[in-house]
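Commentary on secondary and tertiary structure
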Amino acid sequence: MPNPGRELATAVITFHETVARRLGMSAAESRCLGVLRDLEVATPGQLAQATGLTTGAITGIVDRLEKAGYASRAPNPDDRRSLLVRIRQPEKIAEILGPIYGSLSVAMTDMASQYTPEQLEVIGRYLTQTIDVLKSETEKLRHI
């Protein structure tokens, strides 16, 4: 019997991996790039916190993003022991990702139009609670 939760997780992961490949990177690298797109500048620690990756993994990812021309790093003027990672080529990234996420947005809006506002509210609550459960379970795993 199909498991919709597992199928949803697989579909989301597959989508993000496919998007990342369009940029010539892994899904983890794409996640870091997404954080940088939102923040524009971050420390490696902030990237680790936002993505759930270790700081060691972040070091390798930033190396690869820098080599690909998507990020740069510089000393942190507020903390000599830290670096700042900045996004580079945001226009190029937007040019690649805009049509992809635009198409997804249209498809999701079309799908959502099949539901009443009340049904969408219930779906939204369910998804919010699912996210909370996943975050909680992830935290538990980090401390085992």
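Residues numbered from 1 in each chain as written. Predicted model: local features only at pLDDT ≥ 70, side-chain atom pairs only at ≥ 80, totals over all residues. Heavy atoms only, no water.

1. Considerations on a nonpolar patch on the surface
- Side chains of Tyr-101, Leu-104, Met-108, Met-111, Tyr-115, Leu-120, Ile-123, Tyr-126 and Leu-127 sit close together on the surface and give an oily, nonpolar patch of about 780 Å² of accessible area.
- Elements represented by at least two residues in the nonpolar patch include exactly helix 5 (90–112) and helix 6 (117–142).
- In this structure, Ile-123 sits in helix 6. (Patch = residues over 30% accessible without salt bridge, like charges linked within 9 Å, V, L, I, M, F, W, Y side chains within 5 Å. Areas by Shrake-Rupley, 256 points an atom, 1.4 Å probe, with all protein chains shown as cover. Salt bridge = Lys/Arg side-chain N within 4 Å of Asp/Glu carboxyl O. Helix = DSSP H or I, 4+ residues; strand = E, 2+ residues; numbered from the N terminus.)

2. Some remarks on the packing of aromatic side chains
- Considering all chains together, one arrives at one aromatic pair under this definition.
- Where Phe-15 meets Tyr-101, the ring centres are 5.9 Å apart and the plane angle is 75 degrees; that geometry is what we call edge-to-face. Taken together, the positions of Phe-15 in helix 1 (residues 4–22) and Tyr-101 in helix 5 put the pair 86 residues apart, joining distant regions of the chain. (Phe/Tyr/Trp six-rings, centres within 6.5 Å; stacked < 30°, edge-to-face > 60°.)

3. Observations regarding unusual backbone geometry
- One non-glycine residue, Glu-40, adopts positive backbone phi at about 70 degrees.
- Mapped onto the elements of the fold, Glu-40 is located in the loop between helix 2 (27–39) and strand 1 (41–42).
- Accessibility expressed as a relative area gives 56% for Glu-40, which makes it exposed. (Buried < 20%, exposed > 50% of the residue type's maximum accessible area, 1.4 Å probe, protein only.)

Interpretation in functional terms is not warranted from these geometric data alone.
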